[in-house]
Structure formats: structure tokens, C-alpha cells
Amino acid sequence: MFSIAIPRQRTVLLPVIWMLRSGWLAADPQLLELEDDREVGGAVLEGRARIALLDPVHWARDRGAFRPVLRSSVTLGPGGSDMLLVGEVRLDGLERVSAPAMPGGTSEETVARALVREYLGVSEPLQIGQEGGVGGEEGRIVTGIQALSPQPYEYVEGVARAWWITSGAPWVRALPVEAATAPANGEAEALLKEIGRLLDQQAETVAAGLSREHGGEEARWLELVRALTLAYGAEERKGLSELLARAARMRLCPRVEDVALPRY
């Protein structure tokens, strides 16, 4: 049976997990929900899963071991977000920004740090893992299901939208990968294409199901589902290049030349 490994802690991937559990897919793939990128990558390399949804920064650190699935990614456009910047003053007037603990060394950390510095112009580095308050000149990044719930703050900005403004490209949240040594065929690409088509066609149903299962407002889930694409083309490649360039400057991964990025 075809199997796919996904890190359970990534809220942005929950619509894909919902679809894999729906029974609507012709292939009826097996889902392995694991703790983090290290575990999902290991599942592919050990043969326990055929493909994994791997954070791009993690892929860049060990890209020789994995082969990206052709024409496929999990990408979030500016219309939805599972991460928010919040404050009680205009966000470009903040002096400090804190964030809850988030997966270290991933695209979430890369984008959050880049936006605090480049988008907001905050002089102090982002304080990750600190429960800072919101008020005066201090703001916070809100993540996960909390970001899909009503916010009591006067100023709220979706991180995916801020990234799009800053980089000019959508945010590639995960790369579907196979083991580099596995035989290549089109099965994985076809599965991801089917998931993307059904998410587009059944966005309202998926959003309602996610809201019931995990909490958060159905309308915000709908924005997130509608902002997701599972394709990979010129815009996604541009976004991936921008993301990995910033991650490399932060020393979260080696530099990846554009010629080494997945093609479409």
C-alpha cells in the first residue's frame, strides 16, 4: 500500500491529513503521522513510507538523501495563515517581538525571524520560546490553532501575507520527497495532484471538518484551505529560493544554488 509520512505538529498540513483520512482518494494511501521532520524523513529512508512532507529547510540540510516529487509542493499563498503577527500598536512601530516555541531550524523560524527584521524593522532579534506579552511596543507571533481563532488585538497581520509582500512569492511550507534511491514513477505526483484537486473542490467541507475536529473558526480554516496549493511551478520555485537563501544566511541550512532546486 502507498504510504505517506507527515509531521502532526504542523497546522498548515492538517488539511492534507484530513483529505488522506477522508476515504475520497482512489489510492486510499496509508497515513503515518509522526512527531517531526526528522522522523518523517527517517520513515522514507527506512522504507516505512513511500513519500514524506518535509520542511524545505530540513530538505536543504540533507538533500542528497531525498528526491523531491516532480511538480509538487505544499505552498501557502497570502490569503490564509496559521501564523499571525499581533500587536496593540502599528506593527512597524514594535520594538520587541516574542514567539512561542516553534519547530527549530525550519521554514517557520526562518520566515518569522526574517519578517521581524525585514518586514517590521524590529532591532531586537525575535525571542523564540518566550511567552512575552502584547502591549505597548511589544508584539507576538501567534501560531497553530490559536491563529485560526478570533484575536483580541488591534493590529493583526498574517505571516503568509507578510512573507508574500516581503519576498514577492508564496511560502513553500513542505516538499513531498522520496528516498533518492527509490525507483522513480508517477504515483506520488498523481496522488498529490488528486489531493490538491479535492481540496480545491471541497474546501468548505474540509474547513468545516477541521473546525469540528481541531477548533478554530470555520471561516479561517476556509481561508487557509483556499490558500493552499499542492503544485510546484515558477512562483513556488521563486518562493523556495527566497526561503532557502534567508535560511542559509541564518545558518539554519547550507546554501542551495538555484540550479539545485527542484524543477517543474
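Up top is the structure these notes are about.
Residues numbered from 1 in each chain as written. Predicted model: local features only at pLDDT ≥ 70, side-chain atom pairs only at ≥ 80, totals over all residues. Heavy atoms only, no water.

## A few points about the sheet that holds strand S10 (residues 155-158)
Here is step 1: Pairing within the open sheet is mixed, and its five strands lie in the order S8-S7-S9-S6-S10. What marks the edges here is a single partner per strand, and that holds for strand S8 (127-128) and S10.
Here is step 2: As paired strands, strand S7 (residues 96-99) and S8 are joined by two bridges and run parallel to one another. Bridged to Ala99 within S8 is Ile128.
Here is step 3: Against the sheet, helix H4 (residues 107-119) touches strand S6 (83-87), S7, S8, strand S9 (138-143) and S10, its axis set at about 35 degrees to S6.
Here is step 4: Each of S6 and S10 is contacted by helix H5 (residues 159-167), which is oriented at about 70 degrees to S10, the strand it contacts most. (Pairing = 2+ DSSP bridges. Helix = DSSP H or I, 4+ residues; strand = E, 2+ residues; numbered from the N terminus. Contact = heavy atoms within 4.5 Å. Axes fitted to C-alpha atoms, helices over the stretch in contact; angles between N-to-C directions.)

## A few points about the pairing of strand S5 (residues 72-76)
Here is step 1: Counting buried residues along S5, five of its five residues qualify, which places the element largely inside the surrounding structure.
Here is step 2: Residues Ser72, Val74 and Leu76 point to one face of S5 and Ser73 and Thr75 to the other, with burial holding for every one of them.
Here is step 3: Examined bridge by bridge, S5 and strand S12 (residues 228-231) share three bridges and lie antiparallel to one another. Bridge assignment links Leu76 to a residue of S12, and that residue is Leu228.
Here is step 4: In the sheet, S5 pairs with strand S11 (residues 171-179) via three bridges, with the strands oriented antiparallel. What sits directly across from Thr75, in S11, is Val172. (Buried < 20%, exposed > 50% of the residue type's maximum accessible area, 1.4 Å probe, protein only.)

## Regarding empty space enclosed by the protein
Here is step 1: Counted under the stated rule, the structure contains one cavity of 30 Å³ or more.
Here is step 2: Taken together, Leu14, Ile17, Trp18, Arg21, Leu210, Glu213 and His214 form the lining of the largest cavity.
Here is step 3: Elements with a minimum of two residues in the lining of the largest cavity: helix H1 (14-21) and helix H7 (203-214).
Here is step 4: Looking at the lining of the largest cavity element by element, the count peaks at four residues for H1.
Here is step 5: A class-by-class count of the residues in the lining of the largest cavity yields four nonpolar, one polar and two charged. (1 Å grid on protein atoms, 1.4 Å probe; cavity = no way out; pocket = protein on both sides within 12 Å on 5 of 7 lines; lining within 4 Å. Points joined across faces, edges and corners; volume = space filled by probe spheres on them. Nonpolar A, V, L, I, M, F, W, Y, C, P; charged D, E, K, R; others polar.)

## Comments concerning the packing of H7 against helix H8 (residues 218-227)
Here is step 1: Put simply, H7 and H8 touch, their axes get as near as 8 Å, and they point 130 degrees apart. The angle between H7 and H8 falls in the class oblique. The two elements H7 and H8 meet at a crossing, and its hand is right-handed. Where H7 abuts H8, its residues Ala203, Glu204, Val206, Ala207, Ala208, Leu210, Ser211 and His214 lie against Glu218, Trp221, Leu222, Val225 and Arg226. (Parallel < 35°, antiparallel > 145°, perpendicular 65-115°, else oblique. Left-handed = near helix turned anticlockwise from the far one by under 90°.)

## Some details on the packing of H1 against helix H6 (residues 187-201)
Here is step 1: The contact between H1 and H6 brings their axes to 10 Å, and the two run at 100 degrees. Regarding the angle of H1 to H6, the classification is roughly perpendicular. Listed contacts from H6 to Pro15, Val16, Met19 and Leu20 of H1 are Ile195, Leu198 and Leu199.
Here is step 2: Among the residues making up the contact of H1 with H6, the classes are represented as seven nonpolar, no polar and no charged.

## Some words on the layout of surface pockets
Here is step 1: If you add up the space inside the largest pocket, you get close to 250 Å³.
Here is step 2: The wall of the largest pocket is formed by 16 residues, among which Lys193, Gly196, Arg197, Leu230 and Ala231 lie closest to the centre.
Here is step 3: Of all the secondary-structure elements, those providing two or more residues to the lining of the largest pocket are H6, H8 and S12.
Here is step 4: Among the elements that take part in the lining of the largest pocket, H6 stands out by supplying seven residues, more than any other.
Here is step 5: Considering only residue class, the lining of the largest pocket consists of seven nonpolar, three polar and six charged.
Here is step 6: If you add up the space inside the second largest pocket, you get close to 170 Å³.
Here is step 7: Looking at the second largest pocket, the residues that line it are Gln9, Arg10, Thr11, Asp82, Met83, Ala101, Met102, Pro103, Glu108, Thr143, Gly144 and Arg173.
Here is step 8: A class-by-class count of the residues in the lining of the second largest pocket yields four nonpolar, four polar and four charged.

## Structural notes on the packing of aromatic side chains
Here is step 1: Under the counting rule described, the total for this entry stands at two aromatic pairs.
Here is step 2: Ring geometry for Trp18 versus Trp24: centroids 5.5 Å apart, planes at 75 degrees, classification edge-to-face.
Here is step 3: Classification of Trp18 by relative accessible area gives buried; the value is 15%.
Here is step 4: Note on Trp24: relative accessible area 37%, which makes it partly exposed.
Here is step 5: Taken together, a centroid distance of 6.3 Å and an interplanar angle of 70 degrees make the contact between Tyr232 and Tyr264 edge-to-face. With Tyr232 in the loop between S12 and helix H9 (234-249) and Tyr264 in the segment after H9, this pair connects stretches of sequence that are 32 residues apart.
Here is step 6: The cationic tip of Arg173 hangs over the ring face of Trp171; the distance from NZ or CZ to the ring centre is 3.9 Å. (Phe/Tyr/Trp six-rings, centres within 6.5 Å; stacked < 30°, edge-to-face > 60°. Lys NZ or Arg CZ within 6 Å of the ring centre and 35° of its normal.)

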